[in-house]
Amino acid sequence: MQSNATLRAISKLSVTAAVDETYRLVKAQQRAGKRVGLVPTMGALHAGHLSLVERCRRECDYTVVSIFVNPKQFAPHEDFSKYPRSLEDDLAKLAPLGVDMVFAPTVEDMYPAGFDSYVDAGNLAVPWEGEFRPGHFRGVLTVVLKLFQIVPADLAYFGRKDYQQSLLVRRMVADLNLPMKIVVCPIVRDSDGLALSSRNVFLIAEQRRQALSLSRGLQLAHQRFGDGERSGVKLRELIRQTIAGEPGVEIEYAAVVDPETLVELPRIEKTAVALVAARVGSTRLIDNELLGKDE
Ligand code: PAF
C-alpha cells in the first residue's frame with residue numbers, strides 16, 4: 001500500500017511505452033539545453049539501481065529510467081519468465097527521487113514482428129559470463145543500443161556489479177562512435193556484504209547466508225592483495241576455496257583478470273579484477289572486486 005504522498009509523486013511521473021514519443025521528448029529537452037541521463041534497468045529495483053538514479057539526478061538535468069525485462073538476453077533454459085517484475089513498486093521507488101521519465105516498453109514495442117538485427121558482441125563477450133550464458137551479451141548489447149537510439153541521452157549509468165557487461169557497453173560505445181558517455185557506478189552491498197541483485201529475492205534465509213561466501217572470498221582476496229600478494233593464481237584459489245567451503249554453493253567461475261581485456265593474470269603487475277559466479281540453489285549470482293584499482 002503506497003502512501004498518499006507516494007501516489008501523488010507517481011501520478012506526476014511521466015511513464016511511457018511509446019518509442020517515437022520518448023525520442024521526441026528527449027530531443028526536445030536537449031534542444032532546450034538540458035543534459036539528459038539514462039539509467040537502463042530491468043526493473044525489480046533495489047538500492048543499487050536507486051544509487052544509479054541518484055547519481056544521474058546529481059549529474060544531469062533530466063533523468064530517464066528504462067524498465068524492460070529483455071527476453072533477448074536470456075537463454076531458453078534461463079529465468080526470463082520467472083524474473084521478478086514489479087512495475088508499481090518500481091514507480092513508487094522512482095517517483096520520490098525526482099525522475100523525469102520512465103520508459104517502460106512492452107516486448108512488442110522493442111521487438112516488433114520481423115525484428116532481426118543484432119549487435120555482435122565480439123571477443124570480450126566470449127569468456128566468463130559468455131561461457132555460461134551463450135548469447136547473453138548479444139542480447140544485452142542489442143537492447144542497450146536500441147535504448148540508446150530511443151533515449152539518445154548524453155550520459156548512461158551502469159552498475160559495476162555486472163563488470164563484464166559494463167566493459168562491453170563501453171567497448172560498443174567506443175567502437176560504434178556512439179555520442180554517449182558511460183558512467184560505471186560502485187557496487188551497492190547489504191550490510192553483511194551481499195551484493196544487491198534483483199535475483200536475491202529468490203534466496204531463502206539459508207541460501208542467503210551461503211551466498212555470502214562470494215563477497216567473503218572477494219573480500220579476503222582484497223585484503224591479501226592489500227598485504228602484498230600479487231599471485232593471481234593464489235588469490236583465485238583463495239576465492240575458490242572460500243566459496244567451495246560453503247555447501248550448497250556451486251561455483252561456476254572464479255578468476256583474477258586484467259580489467260580491460262578480461263584475460264586471466266597469473267601475476268598482477270598493476271591492477272586486476274576478481275570475478276565470481278555461482279549458483280545457490282537455482283539462483284545464479286555474480287560479484288566482483290577491484291584489486292589496486294579505483295572505480
Ligand atoms: O543490467 C541490466 O539490468 C540489463 O542487462 C540492462 C543493461 C538493463 C539491459 O537489459
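Criteria and thresholds
Residue positions are given per chain, counted from 1 along the sequence in the order it is written. In keeping with the model being predicted, local features are shown solely for residues with a pLDDT of at least 70 and side-chain atom pairs are shown and tallied solely at 80 or more, while totals for entire chains, interfaces and linings include all residues. In computing side-chain properties, one takes all heavy atoms of the structure into account and sets aside hydrogens as well as water. Only DSSP runs of H or I reaching four residues or more are called helices, and only runs of E reaching two or more are called strands; each is numbered from the N terminus. The globule rule used for comparison is 2.2 Å times the number of residues to the exponent 0.38, while the radius of gyration itself is calculated over C-alpha atoms. Think of it in three bands: residues with accessible area under 20% of the maximum for their type are buried, residues over 50% are exposed, and the middle band is partly exposed, with areas taken using a 1.4 Å probe on protein chains only. Note on definitions: a residue-residue contact is assigned when non-hydrogen atoms from the two residues lie within 4.5 Å. To be clear on the numbers: accessible area is Shrake-Rupley with a 1.4 Å probe, and residue cover counts the displayed protein chains and nothing else. His is not counted, nor are the chain ends, whereas Lys and Arg count as positive and Asp and Glu as negative. Just so you know, the charge point we use is NZ for Lys, CZ for Arg, CG for Asp and CD for Glu. The span you would expect from a helix comes to 1.5 Å times its residue count less one. Should DSSP find at least two bridges between two strands, the strands are taken to pair. Helix axes are fitted only over the stretch in contact, all axes being lines through C-alpha atoms; the angle between N-to-C directions runs from 0 to 180 degrees. The term polar contact refers here to a pair of N or O atoms within 3.5 Å; inside protein, the definition further demands a hydrogen-donor-capable atom paired with an acceptor-capable atom, and it admits residues adjacent in sequence only when both atoms are side-chain atoms. Confidence scores labelled pLDDT are given residue by residue by the predictor and lie between 0 and 100.

**Re the overall build of the protein chain**
- Of the regular secondary structure elements, the protein chain holds 10 helices and nine strands.
- For 295 residues, the compact-globule estimate of 2.2 N^0.38 gives 19 Å, and the C-alpha radius of gyration of the protein chain, at 19 Å, lies within 12% of that figure.
- Seen through its principal axes, the protein chain has C-alpha atoms that stretch 55 × 45 × 40 Å.
- Counting all 295 residues of the protein chain, 53% fall into the buried class.
- Pairs at least 24 residues apart make up 73% of the contacts formed inside the protein chain by residues separated by at least 6 positions.
- Roughly 13,900 Å² of accessible area belongs to the protein chain as shown, and the carbon and sulfur atoms make up 51% of that amount.
- Taking the average place of the 37 positive charges on the side chains of the protein chain and the average place of its 37 negative ones, the gap between the two points comes to 3 Å.

**Concerning helix 7 (residues 136-150)**
- Helix length check: helix 7 (15 residues) gives 21 Å between terminal C-alpha atoms against 21 Å at 1.5 Å per residue, within 8%.
- Of all the 15 residues making up helix 7, 12 are buried; the element is thus mostly covered by neighbouring parts of the structure.
- Burial in helix 7 covers these residues: His136, Phe137, Gly139, Val140, Leu141, Thr142, Val143, Val144, Leu145, Leu147, Phe148 and Ile150.

**Describing the sheet that holds strand 8 (residues 272-280)**
- The strand order across the open sheet built from three strands is 7-8-9, with neighbouring strands paired in antiparallel fashion. Looking at the sheet topology across the chains shown, the edges are occupied by strand 7 (249-257) and strand 9 (283-291). Taken pair by pair, the neighbouring strands of this sheet meet at an average axis angle of 10°, ignoring direction.
- Summarising the sheet, strand 7 and strand 8 pair through eight bridges and their orientation is antiparallel. Counted as the bridge partner of Glu250 is Arg279 from strand 8.
- In this fold helix 9 (residues 205-226) packs onto strand 7, strand 8 and strand 9, with an angle of close to 15° to the strand it touches most, strand 9.

**Let's talk about helix 10 (residues 232-244)**
- Helix length check: helix 10, at 13 residues, gives a terminal C-alpha distance of 18 Å against a target of 18 Å (1.5 Å per residue), a fit within 8%.
- Lining the buried residues of helix 10 we find helix 9, strand 7, strand 8 and strand 9.

**Some thoughts on the side chain of Thr142**
- When you line up the elements, Thr142 lands in helix 7.
- Among the polar contacts made by the side chain of Thr142, one reaches the main-chain amide nitrogen of Val119 at a distance of 2.9 Å.

**Description of the sheet that holds strand 3 (residues 62-67)**
- Taken in spatial order, the six strands line up as 1-4-3-2-5-6 in an open sheet, and their pairing is parallel. Each edge of the open sheet carries a strand with a single partner, namely strand 1 (14-16) and strand 6 (181-185). Between one strand axis and the next, the sheet turns through 25° on average, direction left out of account.
- For strand 3 and strand 4 (residues 101-103), the ladder comprises three bridges, and the chain directions are parallel.

**Some remarks on the confidence of the model for the protein chain**
- For the protein chain, the mean per-residue pLDDT works out to 96, and 100% of the residues sit at or above 70.
- Ranking the elements of the protein chain by mean pLDDT puts helix 1 (residues 4-12) last with 78 and strand 5 (residues 155-159) first with 99.

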